[in-house]
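Breakdown of the fold
Below, each chain spelled out in residue letters.
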Amino acid sequence: MPRYKLTIEYDGTPYAGWQIQADQETVQGALAQAFHRFCGEDVHVAGAGRTDAGVHATGQVAHVDLSRHWRSDTVRDAMTAQLRPHPIAVLSAEEVPDSFDARFAATKRHYLYRIVNRRPDLALDRDRAWRIPQKLDAQAMHVAAQRLLGKHDFSTFRAAECQAASPLKTLDQLDVSRSGDEIRVITSARSFLHHQVRSMVGSLMRVGEGRWSADDLEAALKAADRTRCGPMAPAAGLYLAAVSY
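Residues numbered from 1 in each chain as written. Predicted model: local features only at pLDDT ≥ 70, side-chain atom pairs only at ≥ 80, totals over all residues. Heavy atoms only, no water.

1. Quick notes on the UniProt feature "binding site: substrate" (unreviewed entry) in the chain
We apply this condition: UniProt positions are given in the numbering used here, feature names are shortened, and annotations may be inferred rather than shown by experiment. Secondary structure follows DSSP: runs of H or I at least 4 residues long count as helices, runs of E at least 2 residues long count as strands, and numbering of each begins at the N terminus.
Mapped onto the present numbering, the UniProt feature "binding site: substrate" (unreviewed entry) falls on Tyr111. As for its placement among the helices and strands, tyrosine 111 is situated in strand E5 (residues 108–116).

Written as C-alpha coordinates, this is what we have:
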(Lines give C-alpha, C1' and ligand atoms only; values in the text may rest on other atoms or scores of the structure.)
Protein backbone atom coordinates (compact mmCIF):
# COMPACT_ATOMS: atom_id res chain seq x y z
CA MET A 1 0.00 0.00 0.00
CA PRO A 2 1.52 3.36 -0.95
CA ARG A 3 2.12 5.75 1.93
CA TYR A 4 1.66 9.51 1.63
CA LYS A 5 3.15 12.23 3.78
CA LEU A 6 0.79 15.19 4.26
CA THR A 7 1.61 18.69 5.44
CA ILE A 8 -1.51 20.22 6.95
CA GLU A 9 -2.73 23.63 8.08
CA TYR A 10 -5.79 24.15 10.26
CA ASP A 11 -7.70 26.51 12.48
CA GLY A 12 -8.27 24.47 15.62
CA THR A 13 -11.05 26.68 17.01
CA PRO A 14 -14.05 24.47 16.08
CA TYR A 15 -12.39 21.17 16.98
CA ALA A 16 -11.95 19.10 20.14
CA GLY A 17 -8.30 18.65 19.17
CA TRP A 18 -6.49 16.47 16.65
CA GLN A 19 -7.33 12.99 17.91
CA ILE A 20 -10.55 11.25 16.85
CA GLN A 21 -13.30 11.22 19.48
CA ALA A 22 -16.56 9.38 18.99
CA ASP A 23 -18.91 12.24 19.82
CA GLN A 24 -16.96 15.38 18.84
CA GLU A 25 -15.52 17.04 15.75
CA THR A 26 -11.76 16.57 15.46
CA VAL A 27 -9.15 17.38 12.84
CA GLN A 28 -8.13 13.74 12.43
CA GLY A 29 -11.77 12.74 12.05
CA ALA A 30 -12.44 15.42 9.41
CA LEU A 31 -9.43 14.24 7.42
CA ALA A 32 -10.49 10.57 7.61
CA GLN A 33 -13.99 11.50 6.39
CA ALA A 34 -12.52 13.52 3.52
CA PHE A 35 -10.36 10.57 2.45
CA HIS A 36 -13.42 8.33 2.49
CA ARG A 37 -15.26 10.74 0.19
CA PHE A 38 -12.19 10.99 -2.05
CA CYS A 39 -11.32 7.31 -2.52
CA GLY A 40 -13.95 5.31 -0.65
CA GLU A 41 -11.45 4.00 1.90
CA ASP A 42 -11.55 3.99 5.69
CA VAL A 43 -8.05 5.16 6.57
CA HIS A 44 -6.09 6.10 9.66
CA VAL A 45 -4.44 9.52 9.41
CA ALA A 46 -1.45 9.36 11.76
CA GLY A 47 -0.27 12.79 12.94
CA ALA A 48 3.09 13.99 14.22
CA GLY A 49 1.49 15.79 17.15
CA ARG A 50 -1.83 15.49 18.97
CA THR A 51 -2.80 19.13 19.29
CA ASP A 52 -5.38 20.04 21.95
CA ALA A 53 -8.78 21.63 21.47
CA GLY A 54 -8.42 25.12 20.04
CA VAL A 55 -4.76 24.72 19.05
CA HIS A 56 -3.87 25.56 15.44
CA ALA A 57 -1.31 24.27 12.96
CA THR A 58 0.60 25.78 10.07
CA GLY A 59 2.80 22.73 9.57
CA GLN A 60 1.26 19.60 11.06
CA VAL A 61 2.58 16.45 9.38
CA ALA A 62 0.68 13.19 8.99
CA HIS A 63 0.91 9.99 6.98
CA VAL A 64 -1.79 7.81 5.45
CA ASP A 65 -1.77 4.49 3.58
CA LEU A 66 -3.97 4.17 0.48
CA SER A 67 -4.78 1.01 -1.47
CA ARG A 68 -3.65 2.39 -4.85
CA HIS A 69 -1.17 4.87 -6.23
CA TRP A 70 -2.34 8.42 -6.86
CA ARG A 71 -0.38 11.37 -8.13
CA SER A 72 0.66 13.50 -5.16
CA ASP A 73 -0.98 16.62 -6.57
CA THR A 74 -4.19 14.63 -7.10
CA VAL A 75 -4.22 13.67 -3.41
CA ARG A 76 -3.64 17.28 -2.38
CA ASP A 77 -6.27 18.74 -4.71
CA ALA A 78 -8.87 16.06 -3.98
CA MET A 79 -8.49 16.66 -0.26
CA THR A 80 -8.82 20.41 -0.85
CA ALA A 81 -12.19 19.78 -2.46
CA GLN A 82 -13.41 17.17 0.05
CA LEU A 83 -12.43 19.13 3.16
CA ARG A 84 -14.61 22.14 2.35
CA PRO A 85 -16.02 23.88 4.39
CA HIS A 86 -13.68 22.69 7.17
CA PRO A 87 -10.91 25.19 8.05
CA ILE A 88 -8.33 22.54 7.19
CA ALA A 89 -5.96 22.55 4.22
CA VAL A 90 -3.62 19.84 2.94
CA LEU A 91 -0.72 22.01 1.78
CA SER A 92 1.24 19.18 0.19
CA ALA A 93 1.19 15.42 -0.31
CA GLU A 94 4.12 13.25 -1.29
CA GLU A 95 4.62 9.51 -1.61
CA VAL A 96 7.11 8.23 0.95
CA PRO A 97 8.61 4.85 1.89
CA ASP A 98 6.66 2.55 4.18
CA SER A 99 9.31 3.16 6.83
CA PHE A 100 8.24 6.81 7.21
CA ASP A 101 6.18 7.44 10.33
CA ALA A 102 4.92 10.97 10.92
CA ARG A 103 5.08 10.61 14.69
CA PHE A 104 7.99 8.33 15.45
CA ALA A 105 10.35 9.50 12.69
CA ALA A 106 10.13 13.13 13.79
CA THR A 107 13.39 14.55 15.14
CA LYS A 108 12.03 17.92 16.24
CA ARG A 109 8.71 19.70 16.67
CA HIS A 110 8.48 23.47 16.37
CA TYR A 111 5.74 25.53 18.04
CA LEU A 112 4.80 29.19 17.86
CA TYR A 113 2.84 31.00 20.55
CA ARG A 114 1.33 34.41 19.69
CA ILE A 115 0.61 37.10 22.28
CA VAL A 116 -1.00 40.38 21.22
CA ASN A 117 0.04 42.88 23.85
CA ARG A 118 -2.51 45.72 23.64
CA ARG A 119 -5.50 47.09 25.51
CA PRO A 120 -8.11 46.95 22.68
CA ASP A 121 -9.87 43.65 22.09
CA LEU A 122 -8.91 41.43 19.17
CA ALA A 123 -11.00 41.60 16.01
CA LEU A 124 -9.03 39.78 13.30
CA ASP A 125 -6.97 37.69 15.74
CA ARG A 126 -9.77 36.56 18.03
CA ASP A 127 -9.26 32.84 18.81
CA ARG A 128 -5.81 33.05 17.17
CA ALA A 129 -3.76 34.83 19.85
CA TRP A 130 -3.70 35.62 23.56
CA ARG A 131 -4.51 39.27 24.24
CA ILE A 132 -2.70 40.62 27.29
CA PRO A 133 -3.56 44.27 28.03
CA GLN A 134 -0.79 45.08 30.52
CA LYS A 135 2.62 45.96 29.04
CA LEU A 136 5.03 43.02 28.88
CA ASP A 137 8.82 43.17 28.78
CA ALA A 138 9.60 40.75 25.93
CA GLN A 139 13.37 41.08 26.42
CA ALA A 140 13.10 40.04 30.07
CA MET A 141 10.93 37.11 28.97
CA HIS A 142 13.57 36.03 26.44
CA VAL A 143 16.43 36.25 28.94
CA ALA A 144 14.47 34.22 31.49
CA ALA A 145 13.42 31.66 28.87
CA GLN A 146 17.06 30.67 28.33
CA ARG A 147 17.06 29.19 31.86
CA LEU A 148 14.72 26.46 30.60
CA LEU A 149 16.95 25.25 27.78
CA GLY A 150 18.55 21.82 27.99
CA LYS A 151 17.51 18.57 29.60
CA HIS A 152 15.34 18.94 32.71
CA ASP A 153 12.53 17.42 34.69
CA PHE A 154 9.66 19.57 33.35
CA SER A 155 7.06 18.36 35.87
CA THR A 156 6.27 21.99 36.79
CA PHE A 157 5.03 22.56 33.24
CA ARG A 158 3.26 19.21 32.82
CA ALA A 159 -0.49 18.60 32.75
CA ALA A 160 -1.86 16.37 35.51
CA GLU A 161 -3.29 14.04 32.86
CA CYS A 162 -0.04 13.84 30.86
CA GLN A 163 0.62 10.26 29.76
CA ALA A 164 4.34 10.62 28.99
CA ALA A 165 6.43 7.91 30.66
CA SER A 166 8.95 10.45 31.97
CA PRO A 167 8.92 14.21 32.71
CA LEU A 168 12.50 14.49 31.40
CA LYS A 169 12.65 16.47 28.15
CA THR A 170 15.37 18.35 26.28
CA LEU A 171 14.32 21.84 25.23
CA ASP A 172 16.39 23.03 22.24
CA GLN A 173 14.93 26.49 21.65
CA LEU A 174 12.77 29.00 23.54
CA ASP A 175 12.97 32.46 21.99
CA VAL A 176 10.78 35.48 22.76
CA SER A 177 10.64 38.51 20.48
CA ARG A 178 8.41 41.54 19.91
CA SER A 179 7.22 43.17 16.68
CA GLY A 180 4.89 46.05 17.42
CA ASP A 181 2.04 44.77 19.59
CA GLU A 182 2.82 41.11 18.88
CA ILE A 183 5.07 38.96 21.07
CA ARG A 184 6.10 35.66 19.51
CA VAL A 185 7.39 32.70 21.52
CA ILE A 186 9.14 30.11 19.35
CA THR A 187 10.15 26.78 20.85
CA SER A 188 11.59 23.53 19.55
CA ALA A 189 12.26 20.07 20.98
CA ARG A 190 12.07 16.47 19.89
CA SER A 191 8.91 16.15 21.95
CA PHE A 192 6.96 18.03 24.60
CA LEU A 193 4.89 17.07 27.63
CA HIS A 194 1.14 17.65 27.56
CA HIS A 195 0.51 21.40 28.06
CA GLN A 196 4.26 22.09 28.40
CA VAL A 197 4.39 24.93 25.87
CA ARG A 198 1.28 26.69 27.17
CA SER A 199 2.52 26.32 30.75
CA MET A 200 5.94 27.75 29.92
CA VAL A 201 4.33 30.70 28.10
CA GLY A 202 2.05 31.43 31.06
CA SER A 203 5.05 31.43 33.39
CA LEU A 204 7.02 33.67 31.04
CA MET A 205 4.09 36.09 31.11
CA ARG A 206 4.70 36.46 34.86
CA VAL A 207 8.27 37.50 34.03
CA GLY A 208 7.06 39.91 31.35
CA GLU A 209 4.72 41.71 33.74
CA GLY A 210 7.49 42.01 36.35
CA ARG A 211 6.02 39.67 38.95
CA TRP A 212 8.72 37.02 38.45
CA SER A 213 12.45 37.26 37.81
CA ALA A 214 14.53 34.84 35.75
CA ASP A 215 15.60 33.30 39.07
CA ASP A 216 11.95 32.76 40.01
CA LEU A 217 11.32 30.95 36.72
CA GLU A 218 14.35 28.73 37.22
CA ALA A 219 13.30 27.99 40.80
CA ALA A 220 9.85 26.95 39.56
CA LEU A 221 11.46 24.60 37.04
CA LYS A 222 13.76 23.04 39.64
CA ALA A 223 10.87 22.52 42.06
CA ALA A 224 9.38 19.97 39.62
CA ASP A 225 5.99 20.83 41.12
CA ARG A 226 2.92 21.74 39.03
CA THR A 227 1.69 24.10 41.75
CA ARG A 228 4.73 26.32 41.10
CA CYS A 229 3.69 26.95 37.47
CA GLY A 230 2.27 30.26 36.31
CA PRO A 231 -1.20 30.38 34.70
CA MET A 232 -1.54 28.19 31.63
CA ALA A 233 -1.75 30.24 28.44
CA PRO A 234 -4.95 29.70 26.43
CA ALA A 235 -4.98 27.26 23.52
CA ALA A 236 -5.93 29.95 20.98
CA GLY A 237 -2.40 31.37 20.73
CA LEU A 238 -0.61 28.07 20.07
CA TYR A 239 0.41 26.79 16.62
CA LEU A 240 2.22 23.61 15.61
CA ALA A 241 4.45 25.42 13.12
CA ALA A 242 6.60 22.64 11.64
CA VAL A 243 8.00 19.15 12.16
CA SER A 244 11.57 18.15 11.28
CA TYR A 245 12.66 14.70 10.06
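2. Topic: the UniProt feature "domain: Pseudouridine synthase I TruA alpha/beta" (unreviewed entry) in the chain
Using the residue numbers shown here, the UniProt feature "domain: Pseudouridine synthase I TruA alpha/beta" (unreviewed entry) corresponds to residues 8–104 and 144–245. Between the C-alpha atoms that bound residues 8–104 there is a distance of 17 Å. The span itself is 26% helix and 25% strand. Here residues 144–245 runs as 25% helix and 30% strand, with 29 Å between its end C-alpha atoms.

3. Side note on the packing of helix H1 (residues 27–39) against helix H2 (residues 72–83)
Operational definition: Between the N-to-C directions of two axes lies an angle of 0 to 180 degrees, each axis being a line fitted to C-alpha atoms and, for a helix, fitted only over the stretch in contact. Here roughly perpendicular refers to angles of 65 to 115 degrees, roughly parallel to angles under 35, roughly antiparallel to angles over 145, and oblique to all remaining angles. Contact criterion: two residues are considered in contact whenever any of their non-hydrogen atoms come within 4.5 Å of each other.
Axis separation between H1 and H2 bottoms out at 9 Å; the angle between their running directions is 110°. In this view, H1 runs roughly perpendicular relative to H2, as classed from their interaxial angle. On H2, the residues that touch Ala30, Leu31, Ala34, Phe35, Arg37 and Phe38 of H1 are Val75, Ala78, Met79, Gln82 and Leu83.

4. What about the environment of alanine 164?
Assignment of secondary structure puts alanine 164 in the loop between strand E7 (150–153) and strand E8 (168–179). Through-space distance from the C-alpha of alanine 164 to that of glycine 150 is 18 Å; in sequence the pair is 14 residues apart.

5. Overview of unusual backbone geometry
For the bond from arginine 84 to proline 85, the omega torsion is 5°, close enough to zero to count as cis. Position of proline 85 among the secondary structure elements: in the loop between H2 and strand E4 (88–96). At histidine 195, a residue that is not glycine, the phi angle is positive and equals roughly 70°. Examined against the element boundaries, histidine 195 turns out to sit in the loop between strand E9 (182–189) and helix H4 (196–208).

6. Considerations on the side chain of arginine 198
Relative to the helices and strands, arginine 198 is located in helix H4. Discounting residues that sit within four places of it in the chain, arginine 198 has contacts with Asp52, Tyr113, Pro231, Met232, Ala233, Pro234, Ala235 and Leu238.

7. Concerning the pattern of salt bridges
The following threshold applies: We count a salt bridge whenever a side-chain nitrogen from Lys or Arg sits within 4 Å of a carboxyl oxygen from Asp or Glu.
Under the defined criterion, the tally for this structure stands at 15 salt bridges. Where aspartate 125 meets arginine 114, a salt bridge forms, and the shortest distance between an N and an O atom there is 3.1 Å. Of this pair, aspartate 125 sits in the loop between E5 and strand E6 (130–131) while arginine 114 is found in strand E5, placing the two residues eleven residues apart along the sequence. Between arginine 211 and glutamate 209 there is a salt bridge; the shortest N-O distance is 3.5 Å. Salt bridges sharing partners connect three or more residues here, namely Arg114, Asp125, Glu182 and Arg184.

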